[in-house]
Structures are given as structure tokens and as C-alpha cells.
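Residue-level structure breakdown
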Amino acid sequence: LLPLLPTGWYQYVDAKTPAYFTSGAVNRIPEGALAFTYPVPRYPGSAPMEWQAQSDFRYRSLGGYVISRGSTGGGTFAGNVTVWERVVGQAAKGTTLDVPPQVQRRLLQEMTALHVRAVLVADVRGSDDVDRLVEALLGRPADEHSGGVRAWYVSAGPAAGPAAR
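Residues numbered from 1 in each chain as written. Predicted model: local features only at pLDDT ≥ 70, side-chain atom pairs only at ≥ 80, totals over all residues. Heavy atoms only, no water.

Regarding helix 4 (residues 127-138)
Here is the rule we go by: Elements are defined by DSSP. Helices are runs of H or I of four residues or more, strands are runs of E of two residues or more, and each kind is numbered from the N terminus. By definition here, a helix of n residues has an expected span of 1.5 Å times n minus one. Exposure categories follow from relative accessible area, calculated using a 1.4 Å probe and restricted to protein chains: below 20% of the type maximum is buried, above 50% is exposed, and the middle band is partly exposed.
Helix length check: helix 4 (12 residues) gives 16 Å between terminal C-alpha atoms against 16 Å at 1.5 Å per residue, within 8%. For helix 4, every residue scored as buried is listed here: Ser127, Asp129, Val130, Asp131, Leu133, Val134, Leu137 and Leu138. Phi turns positive one or two residues past the end of helix 4, at Gly139, with a value near 70°.

Here's what the structure looks like:
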């Protein structure tokens, strides 16, 4: 049995859960609703999945660790990437977001089609650009900035926002 023992301490990275996810503020999201998050949980960044768990799975989110069918028919961890993930993923890499109107319209269409009810932007690298993008999409500042997260709550039909015109 000795060879089965670990050779050293397990390493881990603290998910640094923003207080928003463990406070009553998260209850403004309708239970079980889909939320666009930034960052998007995708390998190797699993912290947003921990935040979701800390909120007692109040909301659903895009991304995560999932094996899906790839374009060649085999399994892949990449999965289908949404427009939201493709656009805000640039901010996570340090690229300044310059989102043309046609892409903003596509984002609003995606939000509507997926019935997104919240957009949650954590205070991490690139969040200022994502904030400006969401403000432009929805035509208003965040409804709340609490516990390290800016949150927009969407009642219905975000495609009716200013970028849809």
C-alpha cells in the first residue's frame, strides 16, 4: 500500500470567491436562471464553477468542464463556444475589446435565445472592458456592484436593448 500514498502535498489554487456569491445579493437572480459570467468557466480556469457552487447553484452558467463531440466526431473539452465566451475571452487575454455593432447585435440575440436573466462580471483582469460592453449592450450601468461583482439583472428580451436598433 505504500506506493499508493501521495509523494507530496496536493497543490491547489484558492478560488477567491467574491463575497457576492455567498451573500443575499445573489438571490436577485431568479433561481435556476441562466447567467452570463465573466470570467467564463473554461479549462484551465475553474474558479467561476466554485463561485456557482458557493451560491448553492442559484444560477446556471455557460462553460465548465464538459466533454462534448468535436468537429471531427471525437470527444473534446473545448465544446461549443458561445458568442459571449468568444468575445469576452479576448478581455481575459488582455486584449482591449472593440466589439462592432453587428457582433453586439449577435450577443443580444444570443442572450435572448438563451433566456439570460443576469450578467455577472467579477473584478478580475479585463473586467473594465467587459463592463463597458455590457453597458453598451443593455444601455445602462450595472444594477449592483457588490462583493467584487457587477451585476445586471435582465427581466426579459435583452435584444430590445440599444444595440439591437
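Some points on unusual backbone geometry
Geometrically, the link from Tyr38 to Pro39 is a cis peptide bond, its omega value of 5° lying close to zero. Assignment of secondary structure puts Pro39 in the loop between strand 1 (34-38) and helix 1 (47-54). In this model, Asp56 sits at a positive phi of 60°, which is unusual for a non-glycine residue. You can see Asp56 is positioned in the loop between helix 1 and strand 2 (60-61). With a phi angle near 55°, Phe57 is a residue other than glycine that sits in the positive phi range. Looking at where Phe57 falls in the secondary structure, it is placed in the loop between helix 1 and strand 2.

In short, geometric facts, not functional conclusions.
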